[in-house]
Amino acid sequence: MTDSRESPGSGLGAPLVVLKDVNKHFGDLHVLKDINLTVHEGEVVVVIGPSGSGKSTLCRTINRLESYESGTITIHDDELPSEGKALAKLRADVGMVFQSFNLFSHKTILENVTMGPIKVRKKKAAEARSRAMELLKRVGVDHQADKYPAQLSGGQQQRVAIARSLAMDPTVMLFDEPTSALDPEMINEVLDVMTQLAKSGMTMIVVTHEMGFARKAADRVVFMSDGAIVEENTPEEFFTNAQSERAKDFLGKILTH
């Protein structure tokens, strides 16, 4: 993966994911309020905030797992399609890693990772297998290739889920609280894989409660509260010099424990 941070002055690549004035309701609840966010090629954006602030909904609208009522979301200047083949293609280009690992329980680890490339990308089986083994090695579970998901720990399953997304050669990876279902001792093994991925130049949007990861891997921290983006800054500035009272209050609660 090449790191394409070239645009003059910004130190970042071209805009890749652009949200403009995005609004979303669940019934009477206004869960996304006029969201404006631009994520550049090769940038790692970490979205944090209290529970119920709209972080996961934001993540899920970017590949249309959630619809939205107004505004626009574009990826590489193409507006999100709402259905059909164009949506399937978009989902192939946007990798997604969930809280629950969403692996196919009746398929082996290797089959889980090769299925998308063979069925969607129409790769030859041998090529897909070779690439899958390379990715499973990269995330440290290549020796588990013939096992089934239930035979792996949660941390291993989540690393397989990351490999499965990477096998589709996505242009951007979305992570929706990828460690929240894991036992504490398994969290770091997943965050380490994500940190390596960030260093490799992958464009990433990560919703997480892991502040250490946000500090270490993010190019930018986006803080959400009550459905709105309240503040965004570099990790250094955000964690040492938050501007809004809401962010200061949030950090005060989580960083003192």
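Everything below is about the structure shown above.
Let us look at the structure shown here. What you see is a predicted model, and the numbers here were worked out from it, not measured in a lab.

Reading guide: rules and limits
- Residues numbered from 1 in each chain as written.
- Predicted model: local features only at pLDDT ≥ 70, side-chain atom pairs only at ≥ 80, totals over all residues.
- Heavy atoms only, no water.
- Helix = DSSP H or I, 4+ residues; strand = E, 2+ residues; numbered from the N terminus.
- Buried < 20%, exposed > 50% of the residue type's maximum accessible area, 1.4 Å probe, protein only.
- Contact = heavy atoms within 4.5 Å.
- Pairing = 2+ DSSP bridges.
- 1 Å grid on protein atoms, 1.4 Å probe; cavity = no way out; pocket = protein on both sides within 12 Å on 5 of 7 lines; lining within 4 Å.
- Points joined across faces, edges and corners; volume = space filled by probe spheres on them.
- Nonpolar A, V, L, I, M, F, W, Y, C, P; charged D, E, K, R; others polar.
- Phe/Tyr/Trp six-rings, centres within 6.5 Å; stacked < 30°, edge-to-face > 60°.
- Axes fitted to C-alpha atoms, helices over the stretch in contact; angles between N-to-C directions.
- Core = buried A, V, L, I, M, F, W, Y, C linked by side-chain atoms within 4.5 Å.

**Digging into the side chain of glutamate 43**
Now for step 1: Counting through the fold element by element, glutamate 43 comes out in the loop between strand 2 (29-40) and strand 3 (44-48).
Now for step 2: Looking at glutamate 43, the relative accessible area reads 3%, which means it is buried.
Now for step 3: Apart from the residues lying within four places of it in its own chain, the contact partners of glutamate 43 are Leu12, Thr38, Met202, Thr203, Met204, Asp219 and Arg220.

**Remarks on the sheet that holds strand 1 (residues 15-26)**
Now for step 1: Strand order in the open sheet formed by four strands is 2-1-4-5, with antiparallel pairing between adjacent strands. In the strand order of this sheet, the two ends are held by strand 2 and strand 5 (78-79), each with one partner.
Now for step 2: Where strand 1 and strand 2 come together, eight bridges link them in antiparallel fashion. Within strand 2, the position partnered with phenylalanine 26 by the bridge is leucine 29.

**A closer look at the layout of surface pockets**
Now for step 1: Estimates place the volume of the largest pocket at around 600 Å³.
Now for step 2: What lines the largest pocket is a set of 22 residues, and nearest its centre among them are Arg91, Gly116, Arg164, Ser165 and Met168.
Now for step 3: Mapped by element, the contributors of at least two residues to the lining of the largest pocket are helix 2 (84-93), strand 6 (94-97), helix 3 (109-119) and helix 5 (154-166).
Now for step 4: Ranked by the residues each element gives to the lining of the largest pocket, the list is headed by helix 3, at six residues.
Now for step 5: Here the residues of the lining of the largest pocket sort into 13 nonpolar, six polar and three charged.

**Side note on the packing of aromatic side chains**
Now for step 1: The full count for this structure, using the stated rule, is three aromatic pairs.
Now for step 2: Connected via pairs of aromatic rings, a cluster forms that spans Phe223, Phe238, Phe239 and Phe250.

**Comments concerning the sheet that holds strand 10 (residues 228-233)**
Now for step 1: Within the open sheet, the six strands sit side by side as 6-7-8-3-9-10. Their pairing is mixed. Every interior strand has two partners, whereas the edge strands, strand 6 and strand 10, have only one. Sheet twist, expressed as the average angle between the axes of neighbouring strands with direction ignored, equals 20°.
Now for step 2: Inspection of the sheet shows strand 7 (residues 172-176) paired to strand 8 (residues 204-207) by four bridges, in the parallel sense. Residue pairing in the sheet places aspartate 176 in a bridge with valine 207 of strand 8.
Now for step 3: Contacts from helix 5 reach strand 6 and strand 7, with the element oriented near 170° to strand 6.

**Re the nonpolar core**
Now for step 1: Counting 49 residues, the largest nonpolar core has Ile48, Leu136, Ile162, Met173, Phe175, Met194 and Met204 as the members making the most contacts within it.
Now for step 2: Looking at which element gives the most residues to this core, the answer is helix 6 (residues 184-199), with eight residues.
Now for step 3: Not counting residues up to four positions away in its chain, the partners in contact with leucine 136 are Ile109, Leu110, Val113, Val141, Asp142, Ala145, Val160 and Ala163.
Now for step 4: One finds Val17, Leu19, Leu58 and Leu90 within the second-largest nonpolar core, a separate group that totals 28 residues.

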